[in-house]
Amino acid sequence: RAVATMGEAPEPSPQAALAVLSKVELRVSCKHLLDRDTLNKSDPCVLLLMQSQGQWMEVDRSEVIKSNLNPVFAKIFTVDYYFEEVQKLRFEVYDSHGHAGVGTHDDDFLGGMECTVGQIVAQKRVTKPLFLKYGKFAGKSTITVISEEISGNNGYVELAFRAKKLDDKDLFSKSDPFLEIYRLDDDRSEQLVYRTEVRPRAGPGPRPPRGRPAEPLAPQVVKNNLSPIWEPFKVSLNSLCSCEEKRKLRGVVWDYDSRGKHDFIGEFFTTFEEMQKAMGENKVQWDCMNPKYKIKKRNYKNSGVVVLLDLKIHRVYSFLDYIMGGCQIHFTVAIDFTASNGDPRNSCSLHYINPYQPNEYLKALVAVGEICQDYDSDKKFSALGFGARIPPKYEVSHDFAINFNPDNDECEGIQGVVESYQSCLPKIQLYGPTNVAPIISKVARVAADEERTKEASQYFILLILTDGVVTDMADTREAIVRASYLPMSIIIVGVGNADFTDMQILDGDDGILRSPKGEPVLRDIVQFVPFREFKNASPTALAKCVLAEVPKQVVEYYSYKAFPPRCPQPHTPDSNLSSPQ
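This text gives an overview of the structure that appears in the document. Just so we're clear, the structure is a prediction, and the values are computed from it rather than from any experiment.

Spatially, 11-10-15-16 is the arrangement adopted by the four strands of the open sheet, whose pairing is antiparallel. Of all strands in the sheet, those bounded by a partner on one side alone are strand 11 (190-195) and strand 16 (263-271). The sheet shows a mean angle of 25 degrees between the axes of neighbouring strands, direction not considered. Summarising the sheet, strand 10 (residues 177-184) and strand 15 (residues 248-255) pair through seven bridges and their orientation is antiparallel. Each bridged residue has a counterpart across the sheet, and for L179 the counterpart in strand 15 is V253.

Next comes the structure, spelled out in structure tokens:
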């Protein structure tokens, strides 16, 4: 899915876009709906709309439930999910009169609710009041939306098979057996899942002369053995059974023939549900059956036995697994207050506050912050500055709180950060140099405390806004390498028209970032973009570009630490009863 941009704004790679895409299922219920019918109760139906380019477009609608003021809808809404976008949803509830499509002028509007996909997946369960037109409450009516990720591939399984007393298909030696596993699909076709691994055919004889092709690769056969033990193998749950435990699987055992005319020994049928009995010390076995022999031979029992010696499930968690498990995204912004930005009182300054048009610092801050705020339950964000002389002594600081509260650098929401930024400008003296290592290290210390909890409870995003190349490059590289071992990602946005060529070294896209001593980063956690490439783009294009990698970075960190998602905490119904925007 390409990012919609204008002008010269770069797009995330198709691979990045695919990596962050998930599908989310939404289940809807309502309580205490208004009763618009005279003789019966209302017949409610829900319409789901999504905002696209400023317009509300219908996505889907539920069934109509007859005469019910507390409906639980069977319809499951499915929406694509993108972390890097603000995806606005609107749920509209109507009392359907059945004369035409739901939502027409013949139907009574029972109330609506607006939210974002991010809010729903972050809270997993959202309950809000329904509003009529002009922000009026629809009585005591509420709507509840519950989200669940549709997992396309949630892990892989490691299987170890052997067989016992297989039929002998060779005249002068014993069979050379190999194993195939097939998945039976809904259309009754078979999909090969695994053939015991391919390797060069073992056997006597000289090696082929140099320059001559070697013997063709063959299945991993066990030579002259009617009770073979095959090498363990790994396969994704999606490939094995489409993540459906009860889907039927077929195993086939063959006697290998170098000419490709393999002899059929037998087959067995099972499911992944049955296979899981082999976990631990237990083993599962099946009769390997030849249907022709079963018909022809009166006393036929089997053509051997296939045994599943061991099964290990390796769960691969997704970004949404962690978010829905209660992982919070803590957002910190760091703003460059060096003298190269220009006097804030001058309209040419990058820090000039124009009452009619936000400057580049504010545009970048709001674009990224609006995405992150949906994933932080307390909506409080750390806001720091660097490169300025600050009161009361007017000494240069490279990690000061822009609200001037050294004990608590957090602001209330993105608007609180904007207000603190605007109020601090007249109180400071822009100076220098452009040192960012102190702020990276400051956030890293908090992230290190979080790491010690050994839980996937909080991940940190540091947004650095700067108008020039950093002057402490060696220290910055060292700080980034240290931070790559912690639950944090760093986004650097270059503001203004400076030459940011040297900043590309911090973004590991063209190579591996290393510390001055040569130590490589554990993970690529830095994304750098010049803001000027987005001047002619839509307001959300910057956020799409810089945040597209964050879900992957979150999963990489917790996978490296082997931290599973936390169990979701009991939900407290949303108490925010303010009118929708």
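Attention now goes to the side chain of N302. Considering the arrangement of structural elements, one finds N302 in the loop between helix 5 (291-296) and strand 18 (305-315). Polar side-chain contacts of N302 include one of 3.1 Å to the side chain of D287. At 2.9 Å, the side chain of N302 forms a polar contact with the backbone nitrogen of G304.

Next up on the list: empty space enclosed by the protein. This structure, assessed with the given rule, holds one cavity of 30 Å³ or more. The computed volume of the largest cavity comes to approximately 50 Å³. As for the largest cavity, its lining consists of Y81, Y82, F83, E85, V86, Q87, T116, V117, G118, I371, D374 and Y375. Of the residues belonging to the lining of the largest cavity, the class tally is seven nonpolar, three polar and two charged. Viewed by domain, the lining of the largest cavity spans two of them, domain 1 (22-150) and domain 3 (327-561), each represented by three or more residues.

This brings us to the layout of surface pockets. Roughly 590 Å³ of internal volume is contained in the second largest pocket. For the second largest pocket, the lining is made up of 27 residues, of which Q357, P358, N359, K363 and F531 are closest to its centre. Among the secondary structure elements, those contributing two or more residues to the lining of the second largest pocket are helix 7 (360-372) and helix 11 (541-547). Here the element with the most residues in the lining of the second largest pocket is helix 7; it accounts for six residues.

Next up on the list: the pattern of salt bridges. Evaluation of the coordinates by the stated rule reveals 24 salt bridges. R183 is the partner of D185 in a salt bridge, and the nearest nitrogen-oxygen pair spans 2.6 Å. In this structure, the salt-bridge partner of E190 is R250, at a minimum N-O distance of 3.0 Å. Of this pair, E190 sits in strand 11 while R250 sits in strand 15, and the two are 60 residues apart along the sequence. The class of R250 is buried, set by a relative accessible area of 16%.

What follows deals with the sheet that holds strand 14 (residues 233-236). Here four strands make up an open sheet; going across it, the order is 14-9-18-17 and the pairing antiparallel. On the outer flanks of this sheet lie strand 14 and strand 17 (284-287), each paired with one strand and no other. Between one strand and the next, the sheet's axes are offset by a mean angle of 35 degrees, whatever the strand orientation. The pairing of strand 17 with strand 18 spans four bridges and is antiparallel. Across the sheet, the residue bridging to V284 is L308, located in strand 18.

Right, let's talk about the nonpolar core for a bit. With 93 residues, the main nonpolar core has F91, F331, F337 and L547 as its most contacted residues. Looking at this core, the element that brings in the most residues is helix 7, giving eight residues. When residues of this core are assigned to domains, at least three fall in each of domain 1 (22-150) and domain 3 (327-561). With near-sequence residues (within four places) excluded, F91 lies in contact with L26, V28, V46, L47, L48, G111, G112, M113, C115, I120, I143 and V145. Of all hydrophobic cores here, the second largest spans 32 residues; its members include A448, I464, I480 and V521.

Procedures and definitions
- Residues numbered from 1 in each chain as written.
- Predicted model: local features only at pLDDT ≥ 70, side-chain atom pairs only at ≥ 80, totals over all residues.
- Heavy atoms only, no water.
- Pairing = 2+ DSSP bridges.
- Helix = DSSP H or I, 4+ residues; strand = E, 2+ residues; numbered from the N terminus.
- Axes fitted to C-alpha atoms, helices over the stretch in contact; angles between N-to-C directions.
- Polar contact = N/O pair within 3.5 Å; in protein donor to acceptor, adjacent residues only side chain to side chain.
- 1 Å grid on protein atoms, 1.4 Å probe; cavity = no way out; pocket = protein on both sides within 12 Å on 5 of 7 lines; lining within 4 Å.
- Points joined across faces, edges and corners; volume = space filled by probe spheres on them.
- Nonpolar A, V, L, I, M, F, W, Y, C, P; charged D, E, K, R; others polar.
- Domains from an automatic or database assignment.
- Salt bridge = Lys/Arg side-chain N within 4 Å of Asp/Glu carboxyl O.
- Buried < 20%, exposed > 50% of the residue type's maximum accessible area, 1.4 Å probe, protein only.
- Core = buried A, V, L, I, M, F, W, Y, C linked by side-chain atoms within 4.5 Å.
- Contact = heavy atoms within 4.5 Å.

Taken by themselves, the reported measurements are silent on function.
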